[in-house]
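Structure assessment
Read off the chains here:
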Amino acid sequence: MRRSPLPELRPSEGASANLLALGPGRALIEDGGGDRPERTWFTRDGGRSWHVVDRRTVGEVAEIPADAVLATECAAPAGALPDACLRERVVVVSPQDGRRRTLAGAPPLGAHPLPAAHREPDGSWWVTGKDPLSGQSAVAFSRDGGRGWTVSRLPSPMDRPGRYVVVAVGQAAVYAAEMGEVVPGEPVKNPMRALHRSPDGGRTWQRVWTTGPTGEPRSLLGVPVPGPAGRVEIGGELSGYGSVDGGRTFAGLRDGTHYTRRTPLGLLREGSRCEYELSADGVRWSEFRLACGRDSS
């Protein structure tokens, strides 16, 4: 167990912090600040020691290091909060020193690109956003560390783009979930407008699922969970749903309301507080508990 550099808070104070894993023994903690000035700490020795680093972006890089994390920052107006930001840019959080640097060859995907924080198991990096010509939802991938990008539009069910798009790479296909409402129906949190499937690594896409006013899944927590062949699972707000035909039809699962995200170790899903599962293939999951209180036994 290592001690965090975050300051101790009184019970009445709120806390907001972000932990970024940057490879073996390396990590960054970003303090949300609240009423305090925002601070950032970096460790390269597994948390034995922490060093304050400047959160401001410095310089640019042409290639994304393997253990880096992709993020965004406000480019115009500089330093604006998210709700007031007119244009964002993709930045690379370095595993060497924890500093942020602009990615020189970032794909042109509108004013608010959304990069996946970590690279996928096949080594690819992904950024989603809007096609600058049509304004439609689009995705881009790079297989050379961010030096070159392939951009493709998604066959969205609507003319206007969704809220955002998340991508997950599986052994048999790549899945892109387009988030946002489609048609009138019972409101739901984290609505999923459509699910798209690519059998060729993201070059071409087919819309396999279009959300309607009824039928499930209608929401998504995190990213889709791709499995072998045509298996894919969706963790929704009320239940989980599984497909064996590439996302064309779904059946309810006994559980599956997990929030799933990509990490350097694999897909990580969170169920109840402090209980997690990790998987390399989307099928076999290893359970573990983390940061459980004394009453969570």
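Quick note: structure is the one above.
How each quantity is defined
- Within every chain, residues take consecutive numbers counted from 1 along the sequence as written.
- Residues qualify for local features only when their pLDDT is at least 70, as the model is predicted, and side-chain atom pairs are given and counted only at 80 or more; totals for whole chains, interfaces and linings, by contrast, use all residues.
- In computing side-chain properties, one takes all heavy atoms of the structure into account and sets aside hydrogens as well as water.
- When DSSP finds at least two bridges between two strands, those strands are taken to pair.
- Counting from the N terminus, the helices are DSSP H or I runs at least four residues long and the strands are E runs at least two residues long.
- Only protein chains enter the calculation, and the probe is 1.4 Å; a residue is then buried if its accessible area is under 20% of its type maximum, exposed if over 50%, and partly exposed in between.
- For this analysis, a polar contact is any N or O atom pair within 3.5 Å, provided that within protein one partner can donate a hydrogen and the other can accept it, and provided that sequence-adjacent residues contribute only side-chain to side-chain pairs.
- In what follows, residue pairs with any heavy atoms lying within 4.5 Å of each other are defined as contacts.
- Classification of ring pairs rests on two measures: the distance between centres of Phe, Tyr or Trp rings, Trp counted by its six-membered ring, which must be within 6.5 Å, and the angle between planes, read as stacked under 30 degrees, edge-to-face over 60 and tilted in between.

In this section: the sheet that holds strand β8 (residues 100-103). A sheet is described by the order of its strands in space; here four strands give the open sequence β5-β8-β7-β6, paired in mixed fashion. Strand pairing shows two members of the sheet lacking a second neighbour, β5 (60-61) and β6 (69-76), which therefore form its edges. For β6 and strand β7 (residues 87-93), the ladder comprises seven bridges, and the chain directions are antiparallel. When the bridges of β7 are listed, Thr 72 appears paired with Val 90.

Glancing now at the side chain of Thr 128. If you trace the backbone, Thr 128 turns up in strand β10 (residues 125-130). Owing to a relative accessible area of 4%, Thr 128 belongs among the buried residues under this scheme. A polar atom in the side chain of Thr 128 sits 2.8 Å from the backbone oxygen of Val 165. Not counting residues up to four positions away in its chain, the partners in contact with Thr 128 are Leu 109, His 112, Pro 113, Leu 114, Ala 138, Val 139, Val 165 and Val 167.

Before going further, it helps to examine the packing of aromatic side chains. With the rule as written, the count across this model stands at four aromatic pairs. Arranged with centres 5.6 Å apart and planes meeting at 15°, the rings of Tyr 276 and Phe 288 form a pair that is stacked. Note that Tyr 276 is positioned in strand β23 (residues 275-279) and Phe 288 in strand β24 (residues 286-289), a separation of 12 residues in sequence. Pairwise contacts between aromatic rings join Trp 126, Phe 141 and Trp 205 into one cluster.

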